[in-house]
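Structure at a glance
Here is what each chain is made of, one letter per residue.
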Amino acid sequence: SGISVAADRVITMDRRVSQAAADRSDQDAAAPPKLEFERVLCFDLQSGKELWTFEYEQPYGALDYGNGPRAAPTIYGDVVLTLGALGRFNCLNVADGSMIWSHDLVKDFNGRPPMWGYAASPQVLNDTVIVFGGGNEGYCVLAFDLKTGRLKWHSLSDEAGYSWPVPVRRSTHTHLVCWTPSHIRGIDAADGRPLWSIPYEVTYGVSIATPIVHEDIVLVCGYWAGSRAIKLHEHAVDVKLLWEENRYLRGLMSQPLYRDGYVYLLDKQYGLTCFELKTGRKLWDDKNTLTPRGRNPQASIVWLNEEGRTDQNRIISLNSEGELGLLSVTPDGFVEHARSRIIDPTWAHPAFAGYRVLARSDQKLVCIQLPSGK
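Residues numbered from 1 in each chain as written. Predicted model: local features only at pLDDT ≥ 70, side-chain atom pairs only at ≥ 80, totals over all residues. Heavy atoms only, no water.

Moving on, we get to the overall build of the chain. When its secondary structure is counted, the chain shows one helix and 31 strands. Relative to the globule expectation of 21 Å for 374 residues, the C-alpha radius of gyration of the chain, 21 Å, shows essentially globular dimensions. Across the 374 residues that make up the chain, the buried fraction comes to 54%. Contacts in the chain between residues far apart in sequence, at least 24 positions, make up 46% of those at least 6 positions apart. For the chain, the exposed surface amounts to about 17300 Å²; the carbon and sulfur share of it is 48%. (Helix = DSSP H or I, 4+ residues; strand = E, 2+ residues; numbered from the N terminus. Rg over C-alpha atoms; globule rule 2.2 N^0.38 Å. Buried < 20%, exposed > 50% of the residue type's maximum accessible area, 1.4 Å probe, protein only. Contact = heavy atoms within 4.5 Å. Areas by Shrake-Rupley, 256 points an atom, 1.4 Å probe, with all protein chains shown as cover.)

Have a look at this one:
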């Protein structure tokens, strides 16, 4: 699970395994089974002190890479929404971790967890919480009332992907761009009504990197099938495939970044890559400088939107080796300014709070103070 921070509260999730108590009356019995729990953990940002823990039993069974929950908690006002790897969906009080409401997406809505478990964080739009359940017969996308947990609407019958639905403002309505293992789809955020669809079959269901929408273009970057750009028009159902590319623009987990007509993507073979959004024309790559190539290269990349700087082109990144990096990127190339290892190898997305970065591995959680004004 990634990390979320709000109002000096640091919230993440993990998995705890304990040995069940043995029956003392039966000395010859086989070893007692293990008990598995998912936990939501809250820490104080200033001190690291644990403030509360909410846990529930959750057997992982044969879940592939079943080391723990994947989706980062979503903090919204005085509540935190969490989604476990196998579908336990909770709304908790941020102050003390008490449960407000809860659902099991598999048991309650016939959800189908992806091969590597649910990974898309709950998405809040006004008073509605949206999650991917992956249920058939119209239960792929689920929308719940934030206060009560009541199901408001449901839509589509695709399997669940790993990225969350992206809200897009169109005219007077908000639409959701949903990337599933079989399609890129648009639905109405108010009622889930399907609006448009572009087929896109992905191997192993790895619809992971969150799509981005800029210049009325939806960009989806896949690992095997490459990138596709979809042009949106004012009329909700009027879309077209603008371009597709499957040699140089193949993303995996890291969301691409956009600025001034150009996109920066971590390509699986060539590393950090810059290309033009409207055409897909590649300008450069970093030859795997940011993070090692490997089988599944990963580095989170986010913009530093720094007040007082005229060059708004700096990126902060945490790669899979646990190295925090600072670099500048433009259509002309990249410059690395600093790099330091702050955590063990990790795929979990860090959190940034002021001049602090919070990162985690499977074993530890760290808070690092960054230099200010540089």
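Having put the structure on the table, let's press on.
On to the nonpolar core, then. With 29 residues, the main nonpolar core has Leu 81, Phe 89, Leu 105, Val 141, Phe 144 and Leu 176 as its most contacted residues. When residues of this core are traced back to their parent elements, those giving at least two are strand E6 (79–83), strand E7 (88–93), helix H1 (105–109), strand E9 (123–125), strand E10 (128–135), strand E11 (139–145) and strand E14 (173–179). In terms of residue count, E11 provides more of this core than any other element does, five residues in total. The contacts of Leu 105, once residues within four sequence positions are left out, are Leu 83, Gly 87, Phe 89, Asn 110, Gly 111, Tyr 118, Val 131, Phe 132, Gly 133, Leu 142 and Phe 144. Judged by nonpolar contacts, the second largest core, of 15 residues, contains Val 166, Leu 195, Val 218 and Leu 232. (Core = buried A, V, L, I, M, F, W, Y, C linked by side-chain atoms within 4.5 Å.)

On to the layout of surface pockets. Reported here for the second largest pocket is a volume of approximately 670 Å³. Taken together, 27 residues line the second largest pocket, and the ones lying closest to its centre are Leu 304, Glu 306, Ile 316, Leu 370 and Pro 371. Secondary structure elements with two or more residues in the lining of the second largest pocket: strand E25 (299–303), strand E26 (314–319), strand E27 (323–330), strand E28 (333–341) and strand E29 (351–353). Here the lining of the second largest pocket is built from residues that sort into 14 nonpolar, six polar and seven charged. (1 Å grid on protein atoms, 1.4 Å probe; cavity = no way out; pocket = protein on both sides within 12 Å on 5 of 7 lines; lining within 4 Å. Points joined across faces, edges and corners; volume = space filled by probe spheres on them. Nonpolar A, V, L, I, M, F, W, Y, C, P; charged D, E, K, R; others polar.)

So, about the pattern of salt bridges. If the charged atoms of two oppositely charged side chains come close together, the side chains can form a pair. Applying the stated criterion to the full structure yields 14 salt bridges. The closest approach of N and O atoms between Arg 15 and Glu 36, which form a salt bridge, is 2.7 Å. Of this pair, Arg 15 sits in strand E2 (residues 9–19) while Glu 36 sits in strand E3 (residues 34–44), placing them 21 residues apart in sequence. Looking at Arg 15, the relative accessible area reads 26%, which means it is partly exposed. Salt-bridge contacts for Arg 228 lead to Glu 244; the nearest nitrogen and oxygen are separated by 3.4 Å. Of this pair, Arg 228 sits in strand E19 (residues 227–232) while Glu 244 sits in strand E20 (residues 239–245), and the two are 16 residues apart along the sequence. Glu 244 sits in the partly exposed class, given a relative accessible area of 48%. (Salt bridge = Lys/Arg side-chain N within 4 Å of Asp/Glu carboxyl O.)

Okay, empty space enclosed by the protein next. This structure, assessed with the given rule, holds four cavities of 30 Å³ or more. Of the pockets and cavities examined, the largest cavity occupies roughly 80 Å³. For the lining of the largest cavity, the elements supplying multiple residues, two or more each, are E27 and E28. Counting residues per element, the lining of the largest cavity draws most heavily on E27, which supplies five residues. Along the lines of polarity and charge, the residues of the lining of the largest cavity split into six nonpolar, three polar and four charged.

Now for the sheet that holds strand E31 (residues 365–369). As summarised here, the arrangement of the three strands in space is E29-E30-E31, forming an open sheet in which the pairing is antiparallel. The sheet terminates laterally at E29 and E31, the two strands that pair on one side only. Taken pair by pair, the neighbouring strands of this sheet meet at an average axis angle of 20 degrees, ignoring direction. Pairing geometry for strand E30 (residues 356–360) and E31, over five bridges, is antiparallel. Counted as the bridge partner of Arg 360 is Leu 365 from E31. (Pairing = 2+ DSSP bridges. Axes fitted to C-alpha atoms, helices over the stretch in contact; angles between N-to-C directions.)

The subject of this paragraph is the pairing of strand E16 (residues 194–199). Of the strand pairs in this sheet, strand E15 (residues 183–188) and E16 are connected by five bridges, and their pairing is antiparallel. Bridge assignment links Ile 187 to a residue of E16, and that residue is Pro 194. Linking two consecutive strands that pair antiparallel, namely E15 and E16, is a turn of five residues; a positive phi of about 80 degrees is found at Gly 192 within it.

We now examine the side chain of Thr 291. Tracing the backbone through its elements, the reader meets Thr 291 in the loop between strand E24 (282–285) and E25. On the basis of relative accessible area, Thr 291 is assigned to the buried category, the value being 3%. Engagement of the side chain of Thr 291 in a polar contact is seen with the backbone oxygen of Gln 298, the distance being 3.2 Å. Excluding anything up to four places from it in sequence, Thr 291 contacts Leu 266, Pro 297, Gln 298, Ala 299, Asn 319 and Ser 320. (Polar contact = N/O pair within 3.5 Å; in protein donor to acceptor, adjacent residues only side chain to side chain.)

The pairing of strands in a sheet comes from backbone hydrogen bonds and takes either a parallel or an antiparallel form. With antiparallel pairing, four strands are arranged side by side in an open sheet as E9-E10-E11-E12. The sheet terminates laterally at E9 and strand E12 (151–155), the two strands that pair on one side only. Strand-to-strand, the axes of this sheet are offset by a mean angle of 30 degrees, without reference to chain direction. Here E10 pairs with E11 via six bridges, running antiparallel. In the strand pairing of E11, Val 129 is matched with Phe 144.

This structure, assessed with the given rule, holds 15 aromatic pairs. Ring plane angle 45 degrees and centroid distance 5.7 Å describe the contact between Tyr 248 and Tyr 270, whose orientation is recorded as tilted. Here Tyr 248 is found in the loop between E20 and strand E21 (257–259), whereas its partner Tyr 270 is found in the loop between strand E22 (262–267) and strand E23 (271–276), with 22 residues between them in sequence. Using a relative accessible area of 28% as the deciding quantity, one classes Tyr 248 as partly exposed. Ring pairing ties together the aromatic residues Phe 89, Trp 101, Phe 109, Tyr 139 and Phe 144, which thus form one cluster. (Phe/Tyr/Trp six-rings, centres within 6.5 Å; stacked < 30°, edge-to-face > 60°.)

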